[in-house]
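# Observations on chain architecture
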Amino acid sequence: MPPSLTSFTDDALIAFDNLADRAAGLVNPTIRLGVTGLSRSGKTVFISSLVHNLLNGGRLPLFEPVQSGRVSAVRLEPQPDDAVPRFQYEDHIRALVKDRVWPDSTRAISELRLTLDYQSASGWNRLFSPGRLSIDIVDYPGEWLLDLPLLAKDFRTFSEETLALAKTGIRAELSRHWLGMTEAADIAEPADEMKARDLATAFADYLKACKSDERSLSTLPPGRFLLPGDLDGSPALTFAPLKLPSEGNAPKGSLWAMMERRYESYKAVVVKPFFREHFARLDRQIVLVDALQAINRGPEAVQDLERALTDVLACFRPGTNSLLSSLLGRRIDRVLVAATKADHLHHESHDRLEALTRRLVDRAIERIGMAGAGIDVMAIASVRATREATVTRDGQTLPVIVGTPMDGETIAGETFDGNRKTAVFPGDLPENPRWLFEALEANGAKVHLPEVNVVRFRPPELEKTGEGIKLSVPHIRLDRAMQFLFGDRLA
């Protein structure tokens, strides 16, 4: 994050926090892993499955420390930040394993500490002491991450960009009521609380409509308008963009002045504390994206996902941490962008999902002019809810996936009860995503995207061993994600 986005006081507090983390790390080596995602991408499921597989000896062939037998113990420990809610792992894993329902999505920040005892791969290091690493998993909504770019924007820039975006594509229809109110507002009239509240409510309704399952748009700041929490109804959340003149300042006591002041309060009360107290202290980061849902919703959702990824990656400064940077201005040295729900595709399309997501990331990196070092992309399923099979139709053998649709899920006019399994042809993704993005740039919303069947399946019923012990949660490439995110810290 550029220095201009923080004050001297903020920088001093960030440096102090990093010094405290470094001092604590000398006694107990720790890595802070940020987990976020864009709208229903599976943050809670990712963390729950990661912890469950490590605690219960899951199949992790690509996670070298476990595969080589160097990890001797894994346990949950009290988190170091007493003011941050604990990630309720036990509740979430009970929902997944016992009730076979997906846990509630992330609505606020939470934290969980997982500690691993291990034997170093280096004989020299083993001479001194057994290794120990604590992983502090910081779970936070992706909407909060998309707020960070607001720190570099004044109210006029925020208003201009938000209004311009609201007039494009499907957003023009969804924003019609709010834009009509904005056009009619007299920004120089005396500030009126009811007027401000009506504008803020209409603006929030527009953002919620964009986020709905039917639209699945991703670029929706300010994030707390979607997840207000204990700030619901506060002045810091009672503002909206306005149609402003290109020059001039807000008249004292006007509606314009009120909205501008509250926008700045939002940044000061909501965005800056999150950046200073949590984001600036992260070492590694995973960003989960539901690219399949975007493809299923159409070209505009794909373009909006790319826009959101551009804003997200602009927040990071991937690179190697020196001792000085770790102490004073921590740098997130590894970022993983993971396309979730790979189990909704046949394995033949997993590489295609990864290639499509990598293309999105590469285009975002090009836009913001940053290097790609320290950024990786992969397709994963934190919990594998399906298995693969084949069916024969009209003399052709077709690959399908088999799972249990959620209660009330409708497929080809048939409604399921949550108990009966079915086979679904998942559809195909293009082998080379380049044509897709070239077509999007040339034809926009007129592009015909590949058809992908996105079905809501129940979590799987876990198999049992001969001794009656339930096996760990199945997954796709969760071990590869672990290796990238913290495998090097267990070397």
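To be clear, the structure that these remarks concern was listed above.
Residues numbered from 1 in each chain as written. Predicted model: local features only at pLDDT ≥ 70, side-chain atom pairs only at ≥ 80, totals over all residues. Heavy atoms only, no water.

Adjacent strands of a sheet pair through backbone hydrogen bonds, lying either parallel or antiparallel. Taken in spatial order, the three strands make up an open sheet running 8-9-12, and their pairing is antiparallel. Strands with a single pairing partner mark the edges of an open sheet, and in this sheet they are strand 8 (387-393) and strand 12 (422-424). With strand direction ignored, the average angle separating the axes of adjacent strands in the sheet is 45°. Bridging between strand 8 and strand 9 (residues 396-403) involves seven bridges; their strand directions are antiparallel. Bridge pairing in strand 9 places Thr392 opposite Thr397. (Pairing = 2+ DSSP bridges. Helix = DSSP H or I, 4+ residues; strand = E, 2+ residues; numbered from the N terminus. Axes fitted to C-alpha atoms, helices over the stretch in contact; angles between N-to-C directions.)

Counting 94 residues, the largest nonpolar core has Tyr140, Leu148, Trp178, Phe279, Leu313, Phe316 and Leu353 as its most contacted members. If you tally residues by element for this core, the top one is helix 11 (residues 255-277), at 10 residues. Filtering out sequence-adjacent residues up to four positions away, Leu353 remains in contact with Ala291, Leu292, Ala339, Thr340, Ala342, Leu345, Ala379 and Leu429. Counting 40 residues, the second largest nonpolar core, distinct from the first, contains Phe46, Ile93, Leu336 and Ile380. (Core = buried A, V, L, I, M, F, W, Y, C linked by side-chain atoms within 4.5 Å. Buried < 20%, exposed > 50% of the residue type's maximum accessible area, 1.4 Å probe, protein only. Contact = heavy atoms within 4.5 Å.)

Our next topic: the packing of aromatic side chains. Counting across every chain of the model gives 17 aromatic pairs. Members of the aromatic cluster, joined through ring pairs, are Phe155, Phe158, Trp178, Phe203, Tyr206, Phe225, Phe239, Tyr263 and Tyr266. A cation sits over an aromatic face here: Arg224 above Trp144, 3.9 Å from the ring centre. (Phe/Tyr/Trp six-rings, centres within 6.5 Å; stacked < 30°, edge-to-face > 60°. Lys NZ or Arg CZ within 6 Å of the ring centre and 35° of its normal.)

Bringing the layout of surface pockets into the picture now. Size it by volume and the largest pocket reaches roughly 980 Å³. Lining the largest pocket are 40 residues; nearest its centre among them are Arg40, Ser41, Asp290, Lys341 and Arg456. Those elements that place two or more of their residues in the lining of the largest pocket are helix 2 (43-55), helix 12 (291-297) and helix 13 (299-313). In terms of residue count, the dominant contributor to the lining of the largest pocket is helix 12 (four residues). Each residue belonging to the lining of the largest pocket can be placed in one class, and the counts come to 16 nonpolar, 14 polar and 10 charged. Within this model, the second largest pocket holds a volume of roughly 830 Å³. Taken together, 31 residues make up the lining of the second largest pocket; nearest its centre are Arg384, Thr386, Pro460, Glu463 and Pro474. For the lining of the second largest pocket, a count of residues per class yields nine nonpolar, 11 polar and 11 charged. (1 Å grid on protein atoms, 1.4 Å probe; cavity = no way out; pocket = protein on both sides within 12 Å on 5 of 7 lines; lining within 4 Å. Points joined across faces, edges and corners; volume = space filled by probe spheres on them. Nonpolar A, V, L, I, M, F, W, Y, C, P; charged D, E, K, R; others polar.)

Turning to the packing of helix 7 (residues 155-166) against helix 11, a few remarks are in order. Contact geometry of helix 7 with helix 11 gives a least axis separation of 10 Å together with a crossing angle of 95°. Taken together, the axes of helix 7 and helix 11 are roughly perpendicular relative to one another. Contacts from Phe155, Arg156 and Phe158 of helix 7 reach helix 11 at Trp256, Met259, Glu260, Tyr263 and Glu264. Broken down by class, the residue content of the contact of helix 7 with helix 11 amounts to five nonpolar, no polar and three charged. (Parallel < 35°, antiparallel > 145°, perpendicular 65-115°, else oblique.)

Okay, the pattern of salt bridges next. As enumerated under the stated definition, the model contains 31 salt bridges in all. Between Arg281 and Asp81 there is a salt bridge, with the nearest N and O atoms lying 3.8 Å from each other. Here the residue Arg281 occupies a position in the loop between helix 11 and strand 5 (284-289), and Asp81 occupies one in the loop between strand 2 (71-77) and helix 4 (89-97), the gap between them amounting to 200 residues. Among the residues examined, Asp81 registers a relative accessible area of 16% and is labelled buried. Here Arg307 and Asp304 are joined by a salt bridge, their closest N and O atoms 2.3 Å apart. In this pair, Arg307 and Asp304 are both assigned in helix 13, three residues apart and thus about one turn of the helix distant. (Salt bridge = Lys/Arg side-chain N within 4 Å of Asp/Glu carboxyl O.)

Another point: helix 2. In this model, helix 2 (13 residues) spans 18 Å end to end at C-alpha, consistent with the 18 Å of a helix rising 1.5 Å per residue. Counting buried residues in helix 2 gives 12 out of 13 residues, a clear majority hidden from the surface. Downstream of helix 2 by one or two residues, Gly57 has phi in the positive range, about 60°. (Expected span 1.5 Å × (residues − 1).)

Following the sequence through the fold, Phe87 ends up in the loop between strand 2 and helix 4. Beyond its immediate stretch of four places on either side in the chain, Phe87 contacts Thr44, Ile47, Ser48, His92, Ser110, Glu111, Leu112 and Asp139.

Let us now look at the packing of helix 2 against helix 4. At a closest axis distance of 10 Å, the pairing of helix 2 and helix 4 adopts a crossing angle of 90°. Comparing the axis directions of helix 2 and helix 4 gives the class roughly perpendicular. Judged by residue contacts, Thr44, Ser48, Val51, His52 and Leu55 of helix 2 engage Tyr89, His92, Ile93, Leu96 and Val97 from helix 4. Across the contact of helix 2 with helix 4, the residue classes break down as six nonpolar, four polar and no charged.

Turning to the sheet that holds strand 7 (residues 375-379), a few remarks are in order. Strand order in the open sheet formed by seven strands is 2-3-4-1-5-6-7, and the pairing between neighbours is mixed. Looking at strand neighbours, the two that pair on one side only are strand 2 and strand 7, the edges of this open sheet. Across the sheet, the axes of successive neighbouring strands diverge by a mean angle of 20°, strand direction being ignored. Pairing between strand 2 and strand 3 (residues 110-118): six bridges, direction antiparallel. Across the sheet, residue Val74 finds its bridge partner in strand 3, namely Leu116. Those strands touched by helix 15 (residues 350-368) are strand 5, strand 6 (334-339) and strand 7, and its axis lies near 150° from that of strand 7.

The final tally for this structure, using the stated rule, is four cavities of 30 Å³ or more. Volume-wise, the second largest cavity comes out at about 50 Å³. Looking at the second largest cavity, the residues that line it are Trp144, Asp147, Arg224, Val270, Val271 and Phe274. Ranked by residue count, the leading element in the lining of the second largest cavity is helix 11, at three residues.

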